[in-house]
Amino acid sequence: MPLHRSHHLHLPFLRVDHNKELRALYIMRVLRDLVNQSTFFFLPIFLYKSGISLFSHSQLNDFQSGLFLIAAYFFVVRFVMLLTGIGFGKYTARAGVKQAFIFSYLLRALMFACLFFASNSLIMLLVAAVLDGLNASLFWSSYYTLLSQHASKHNIGKDLGFIQTLLQAISAIAPALGGALAGYFGFDTLFLFALAATI
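Some details on the overall build of the protein chain
Here's step 1: A tally of helices and strands in the protein chain yields 7 helices and 0 strands.
Here's step 2: Reading the protein chain from its N end, one meets helices and strands in the order α-α-α-α-α-α-α.
Here's step 3: For the protein chain, the spread of C-alpha atoms along the three principal axes comes to 80 × 50 × 25 Å.
Here's step 4: Split into buried and exposed, the 199 residues of the protein chain put 39% on the buried side.
Here's step 5: When contacts within the protein chain are restricted to residue pairs at least 6 apart in sequence, those whose partners lie at least 24 apart make up 77%.
Here's step 6: About 11,800 Å² of surface is accessible on the protein chain, with carbon and sulfur atoms providing 69% of the total.
Here's step 7: Counting 14 positive and 7 negative side-chain charges, the protein chain places the averaged centre of each group 10 Å from the other.

Details of the environment of K90
Here's step 1: Looking at the secondary structure, you find K90 in helix 3 (residues 62-95).
Here's step 2: A residue is classified by how much of its surface remains accessible, and K90, at 57% relative accessible area, is exposed.

What to know about a nonpolar patch on the surface
Here's step 1: Together, I27, L31, L34 and L177 give the surface a local cluster of nonpolar side chains, amounting to about 340 Å² of exposed area.
Here's step 2: For the nonpolar patch, the leading source of residues is helix 1 (residues 20-39), giving 3 residues.
Here's step 3: Mapped onto the elements of the fold, L34 is located in helix 1.
Here's step 4: According to the relative accessible area criterion, L34 is partly exposed, its value standing at 30%.

Observations concerning the layout of surface pockets
Here's step 1: Approximately 350 Å³ is the volume attributed to the largest pocket.
Here's step 2: Forming the walls of the largest pocket are 16 residues, and the residues nearest its centre are N36, F40, R78, D132 and A136.
Here's step 3: Secondary-structure elements contributing two or more residues to the lining of the largest pocket are helix 1, helix 3 and helix 5 (122-150).

Cut-off values and rules
Residues numbered from 1 in each chain as written. Predicted model: local features only at pLDDT ≥ 70, side-chain atom pairs only at ≥ 80, totals over all residues. Heavy atoms only, no water. Helix = DSSP H or I, 4+ residues; strand = E, 2+ residues; numbered from the N terminus. Buried < 20%, exposed > 50% of the residue type's maximum accessible area, 1.4 Å probe, protein only. Contact = heavy atoms within 4.5 Å. Areas by Shrake-Rupley, 256 points an atom, 1.4 Å probe, with all protein chains shown as cover. Lys, Arg positive; Asp, Glu negative; His and termini not counted. Charge placed at Lys NZ, Arg CZ, Asp CG, Glu CD. Patch = residues over 30% accessible without salt bridge, like charges linked within 9 Å, V, L, I, M, F, W, Y side chains within 5 Å. Salt bridge = Lys/Arg side-chain N within 4 Å of Asp/Glu carboxyl O. 1 Å grid on protein atoms, 1.4 Å probe; cavity = no way out; pocket = protein on both sides within 12 Å on 5 of 7 lines; lining within 4 Å. Points joined across faces, edges and corners; volume = space filled by probe spheres on them.

Keep in mind that these numbers describe shape and distance, not what the molecule does.
Spelled out as structure tokens, the structure:
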């Protein structure tokens, strides 16, 4: 009698669809989330400290100043996404997904560059918020377009489950990397890292 049974050894084989476009899309998504979780996890802290500095002569106290800038930044981001979602979807269909991705990463690089110089500049923060909304809107319209075009209905559940597992692992690890950079070298270095990783 065998010491083991074959059905006990049927471990899941972790892989994604053989489609090259999907593999590239998933890798891009994972790398993007690595930068996002490392950088944007600490963005509210940066905005809070910037708000205290920028509005030090206003009638707001430090707590109100920090929260106001956080709320204003993310309001601008979401408002820009709302305004451009449909338009960028049409742009992606006309220009092609590859061009849309390149444009979105160019906007993303410019956003991190603005954040790098935004320590005491409200204008730079406003421009960064607009660029944040533009690049996010363009990226996600392109991402879901490519996903819908190339995803196999037989494998999409497995693929997305595998990718989500990787993203959850990144979300547990990446903030430590971002925290180390911000804690030891400052927010400027953190944004510089994000800019370099984007390029």
